Amino acid sequence: MRILLVEDNLKLSTYVRRGLENEDFTVDGVGTLADAEVALDTAPYDLMVLDLGLPDGDGLDLLKKLRAQDNHLPVLVLTARDGVDDRVKGLNAGADDYLLKPFAVEELAARLRALLRRPDGALGNSLKVGNIVFDTSSREVRVGQNLIKISRKEMGVLEQLMRRSGKVVPKDILESKLYGFDEEVSPNSLEAHISRLRKRLSQAEASVTIHTLRGVGYLLSDNADG
Ligand code: CA
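Values in this document were obtained by computation on a predicted structure and should not be read as measured data.

Caption draft 1: Representation of the overall build of the chain. Helices and strands together make up the secondary structure of the chain, namely eight helices and 14 strands. Along the first, second and third principal axes, the C-alpha atoms of the chain reach 60 × 35 × 30 Å. For the chain, the residues scored as buried account for 41% of the 226 residues in total. Contacts spanning at least 24 positions in sequence make up 55% of the contacts within the chain whose residues lie at least 6 apart. For the chain, the computed accessible surface area is about 12,400 Å², with 48% contributed by carbon and sulfur atoms. Where the 31 positive side-chain charges of the chain centre and where its 36 negative ones centre are 6 Å apart.

Structure representation (structure tokens):
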């Protein structure tokens with residue numbers, strides 16, 4: 001994922017760049033609107049992080065210009081201005097999200113991932129393992145060409161297993177993703193969902209296997225991977 005970071009405060013820019021690089025983003029940093037325009041013309045970015053107060057102008061002007069050119073690059077606006085006004089202006093100018101300074105880079109990384117996962121975002125919105133395709137925005141699961149019907153909880157289990165296919169998903173993590181704090185969960189509830197899910201997938205001739213690692217968790221593998 002390649003990010004253009006437009007921020008003139010060198011200290012902040014360095015902090016953000018290092019932090020995002022640690023989270024496996026590729027980051028190009030520039031400090032002016034002019035350099036941002038050159039960068040946008042030169043490299044294919046998946047996303048832009050845009051400061052508003054820049055030495056040669058207002059970040060919002062660049063954003064408006066992009067949108068006027070029908071450029072839909074996801075843009076997260078950084079702002080030190082704590083006014084609702086600026087937030088609204090930013091979103092009206094076509095920003096996809098905004099973050100108030102100061103912020104933790106982990107929060108920024110999480111927001112960027114969310115933007116990239118949107119429909120049309122670079123991370124896409126479908127998960128694929130073997131012959132199963134899970135559309136995470138429409139919440140539809142297909143095995144081959146066939147839509148399969150599974151319960152909401154089974155879908156939740158499948159999504160977590162598919163997101164980490166080939167890796168063990170600990171039981172407590174699955175449970176924490178599936179059940180709200182105030183939900184009654186019987187000790188065998190997760191096992192029951194897994195068991196029904198296995199049955200559905202096998203009936204639909206899915207080319208995957210859900211393995212149980214006793215006392216640890218579950219793992220989804222593509223049968224083609226052995
Ligand atoms: Ca600034």
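Structure shown, so let's carry the discussion forward.
Caption draft 2: Quick peek at a nonpolar patch on the surface. Taken together, the side chains of V168, L213 and V216 make up a nonpolar region of the molecular surface, amounting to roughly 200 Å² of accessible area. Its place among the elements puts V216 in the loop between strand 13 (208–213) and strand 14 (217–222). The exposure class assigned to V216 is partly exposed, which follows from its relative accessible area of 44%.

Caption draft 3: The pairing of strand 8 (residues 126–129), seen in detail. The two faces of strand 8 differ: L127 and V129 on one face are buried, but S126 and K128 on the other face are not. Alignment of strand 8 against strand 9 (residues 132–135), held across four bridges, turns out to be antiparallel. For V129, the partnering residue across the bridge sits in strand 9 and is I132. Hairpin remark: strand 8 followed by strand 9, antiparallel, with two residues in the connecting loop; positive phi at G130, about 55 degrees.

Caption draft 4: Layout of the side chain of D97. In this fold, D97 is placed in strand 7 (residues 97–100). Classification of D97 by relative accessible area gives buried; the value is 16%. When neighbours within four sequence positions are excluded, D97 is seen to be in contact with V75, L76, V77, L91, R111 and L115.

Caption draft 5: Structural context of helix 8 (residues 189–203). For helix 8, with 15 residues, the first-to-last C-alpha span of 21 Å sits near the 21 Å given by 1.5 Å per residue. What helix 8 keeps buried is the set S189, L190, H193, I194, L197 and L201. Projected onto a plane normal to the axis of helix 8, the buried residues spread over an arc of 130 degrees and lie on a single side. Facing away from the buried surface of helix 8 by more than 90 degrees, the exposed residues are K199, S202 and Q203. For helix 8, the secondary structure elements touched by its buried residues are strand 9, strand 11 (146–148), helix 6 (152–163), helix 7 (171–178), strand 13 and strand 14.

Caption draft 6: Inspection of the coordination of the calcium ion at higher detail. Around the calcium ion, the donor atoms from the protein are D8 (OD), D51 (OD) and G53 (O), and they sit 2.2 to 2.3 Å away. Linear spacing of the donor residues for the calcium ion on their chain is D-x42-D-x1-G. Remark: G53 occurs in strand 4 (residues 53–54) and D8 occurs in the loop between strand 1 (2–6) and helix 1 (10–22); sequence separation between them is 45 residues. Note on D8: relative accessible area 35%, which makes it partly exposed.

Caption draft 7: A look at the environment of T212. For T212, the position within the fold is in strand 13. Taking C-alpha positions, T212 is 49 Å from N92, a pair spaced 120 residues apart along the chain. For T212, the contacting residues outside a window of four places in its chain are R198, G217 and Y218. At 2.6 Å, the side chain of T212 forms a polar contact with the side chain of R198.

Caption draft 8: Representation of the pattern of salt bridges. This structure, assessed with the given rule, holds 13 salt bridges. The closest approach of N and O atoms between D28 and R2, which form a salt bridge, is 2.8 Å. Of this pair, D28 sits in strand 2 (residues 26–30) while R2 sits in strand 1; the two residues are 26 residues apart in sequence, bridging distant segments of the chain. Given the relative accessible area of 21%, D28 is considered partly exposed.

Caption draft 9: View of helix 2 (residues 33–42). Every buried residue of helix 2 is listed here: L33, A36, A39 and L40. All buried residues of helix 2 lie within an arc of 115 degrees about the axis, which places them on one face of the element. In helix 2, the exposed positions angled more than 90 degrees off the buried face are occupied by V38, D41 and T42. Those residues of helix 2 that are buried are in contact with strand 1, strand 2, strand 3 (47–51), strand 4, strand 5 (57–58) and helix 3 (59–68).

Calculation rules
Residues numbered from 1 in each chain as written. Predicted model: local features only at pLDDT ≥ 70, side-chain atom pairs only at ≥ 80, totals over all residues. Heavy atoms only, no water. Helix = DSSP H or I, 4+ residues; strand = E, 2+ residues; numbered from the N terminus. Buried < 20%, exposed > 50% of the residue type's maximum accessible area, 1.4 Å probe, protein only. Contact = heavy atoms within 4.5 Å. Areas by Shrake-Rupley, 256 points an atom, 1.4 Å probe, with all protein chains shown as cover. Lys, Arg positive; Asp, Glu negative; His and termini not counted. Charge placed at Lys NZ, Arg CZ, Asp CG, Glu CD. Patch = residues over 30% accessible without salt bridge, like charges linked within 9 Å, V, L, I, M, F, W, Y side chains within 5 Å. Salt bridge = Lys/Arg side-chain N within 4 Å of Asp/Glu carboxyl O. Pairing = 2+ DSSP bridges. Expected span 1.5 Å × (residues − 1). Arc of directions from axis to C-beta. Donors = N, O, S within 2.8 Å, 3.2 Å for Na, K, Ca; no water. Polar contact = N/O pair within 3.5 Å; in protein donor to acceptor, adjacent residues only side chain to side chain.

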